[in-house]
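Structural overview
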Amino acid sequence: METPINAFCFDGNVISCDKYGEGHINQTYLVVTDKGKRYIMQRLNSFVFKDCHGLMNNVSSVTSFLSKKYSDPRRSLHLVPTLQGTDWHVDHEGYYWRVYDFIEGSTCLQMARSKEDFFNSAAAFGGFQAALIDFPASTLVETIPNFHNTPARYQQFKKSLKENAAGRAEEVEEEIHFILSREEDAVYLQERLEKGILPLRVTHNDTKLNNVLLDENTGEALCIIDLDTVMPGLVAYDFGDSIRFGASTGAEDEKDLSKIEMDLDLFKAYCEGFIPACPGLTSEEIRSLPYGAKIITLENALRFLMDYIDGDTYYKIAHPVQNLDRARTQIKLVMDMESKFHEMQEICNSYISL
């Protein structure tokens, strides 16, 4: 693929441009110049992101805001300008391209090696929230509309049940009943947002460990990356998705459901890292965090099950029932969270008086 190297203000002459990383959405390249400078160049996936202009406006605004918060340049992403002085380039085919400075001396993990790694990722995402606490979230566009509007997801789910495109709904009546029986629970966060009880914040919306760059020597968190889904949202969803993914004791598509539970010690470790790192959280936001964990897990169960019923049209699958396996692990996680919900609330609420 031809890349628009000549469009950007690199320090030195480009000597190599090679595919880089493990991302599945955008095309990513490592660019190296004759002055030893390294850069990350990406072509945005316009199939996934319909509004690339709005997305890049979000990224440009947030990275510019964050760069003013830190003396260490490694603490935030920095966009490299084009020769025209813009923060991105649109090629002759209409594809959007951007370049970041490479953050030297950093690494990222695909899985937590220890509770300390999970704590560090929590501190990083809490710090991300804290740094953006005074950013006007309403100025950002929704790069994926209604991404975490759980009531809207339920309406999509009911539509899929009615259509039953792949003829599979009869096979999964027990799972369908579980999802539908918790619809009233699922509206909790959205209702509190609409009533003004919970504030709209700048949220990351993909709070996995591998989106945190760590110092390769100390292991401490440096920088949050992958800002394509940064948009207005609720802190509880960012917190909850980390718990859903990182505090689970099994793989997302584990067939043996006896292996699946939410590790309460990991939940506590994440709270210890996340909440103190973001002192601007309101008491209501802290109280909402356990609900975020449960509701985002329920939402993912719904989405996996809906995709199975639709005939596996959204998520990539490696075998015919992978989406069903995914849905069942999320359902098991929800059940385990429900059994531990009082403890989860106690852990979070203990920070309110601090």
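None of these values were measured; they are calculated from a predicted model.

The rules behind each value
Residues numbered from 1 in each chain as written. Predicted model: local features only at pLDDT ≥ 70, side-chain atom pairs only at ≥ 80, totals over all residues. Heavy atoms only, no water. Helix = DSSP H or I, 4+ residues; strand = E, 2+ residues; numbered from the N terminus. Rg over C-alpha atoms; globule rule 2.2 N^0.38 Å. Contact = heavy atoms within 4.5 Å. Areas by Shrake-Rupley, 256 points an atom, 1.4 Å probe, with all protein chains shown as cover. Lys, Arg positive; Asp, Glu negative; His and termini not counted. Charge placed at Lys NZ, Arg CZ, Asp CG, Glu CD. Pairing = 2+ DSSP bridges. Axes fitted to C-alpha atoms, helices over the stretch in contact; angles between N-to-C directions. Disulfide = S-S within 2.5 Å. Expected span 1.5 Å × (residues − 1). Buried < 20%, exposed > 50% of the residue type's maximum accessible area, 1.4 Å probe, protein only. Core = buried A, V, L, I, M, F, W, Y, C linked by side-chain atoms within 4.5 Å.

**As for the overall build of the chain**
Helix and strand counts for the chain stand at 11 helices and 10 strands. The C-alpha atoms of the chain give 21 Å as radius of gyration, which agrees with the globular expectation for 354 residues (20 Å, within 12%). If you line up the chain on its principal axes, its C-alpha atoms span 60 × 50 × 40 Å. For the chain, the proportion of contacts with a sequence separation of at least 24, taken over those separated by at least 6, is 71%. With an accessible surface of roughly 16,500 Å², the chain has 49% of that area assigned to carbon and sulfur atoms. Computed over 35 positive and 54 negative side-chain charges, the inter-centroid distance for the chain is 1 Å.

**Structural notes on the sheet that holds strand β9 (residues 221-224)**
Strands sit in the order β6-β8-β9 across an open sheet of 3 strands; the sheet is antiparallel. Two strands in the sheet have a free side with no partner beyond their single neighbour: β6 (106-107) and β9. Direction of pairing for strand β8 (residues 212-215) relative to β9: antiparallel, over a ladder of 3 bridges. Looking at the pairing, L213 lines up with C223 of β9. The strands that helix α2 (residues 115-131) touches are β8 and β9; relative to β9, the one it contacts most, it runs at about 50°.

**Comments concerning the state of the cysteines**
Overall, the coordinates contain 0 disulfides when judged by the stated rule. Counting only cysteine sulfurs, C348 is the nearest neighbor of C271, a cysteine outside any disulfide, at a range of 3.8 Å.

**Side note on helix α7 (residues 235-246)**
Over its 12 residues, α7 runs 17 Å from end to end, which matches the ideal 16 Å to within 8%, given 1.5 Å per residue. Counting buried positions over the 12 residues of α7 gives 10, a clear majority of the element. What α7 keeps buried is the set V235, A236, Y237, D238, F239, G240, D241, S242, I243 and R244.

**Regarding the nonpolar core**
Most often, soluble globular proteins have nonpolar side chains that are buried together. The biggest cluster of nonpolar side chains holds 71 residues, and the ones touching the most others in it are I243, F267 and F274. Leaving out residues up to four positions away in the same chain, F267 has contacts with F239, I243, A247, M262, M344, I347 and C348.

**Overview of unusual backbone geometry**
Positive phi outside glycine occurs at N164, with the angle close to 45°. Examined against the element boundaries, N164 turns out to sit in the loop between α3 (150-163) and α4 (173-181). In the Ramachandran plot, D312 falls in the positive-phi region, its phi being about 60° despite a non-glycine side chain. Mapped onto the elements of the fold, D312 is located in the loop between α9 (283-310) and α10 (322-339).

**What to know about the environment of C17**
Take C17: it is sitting in strand β1 (residues 14-19). The exposure class assigned to C17 is partly exposed, which follows from its relative accessible area of 24%. Distance in space between the C-alpha atoms of C17 and I5 is 8.6 Å, their sequence separation being 12 residues. Leave out the neighbours within four places in its chain, and C17 touches T3, I5, Y29, L30 and V31.

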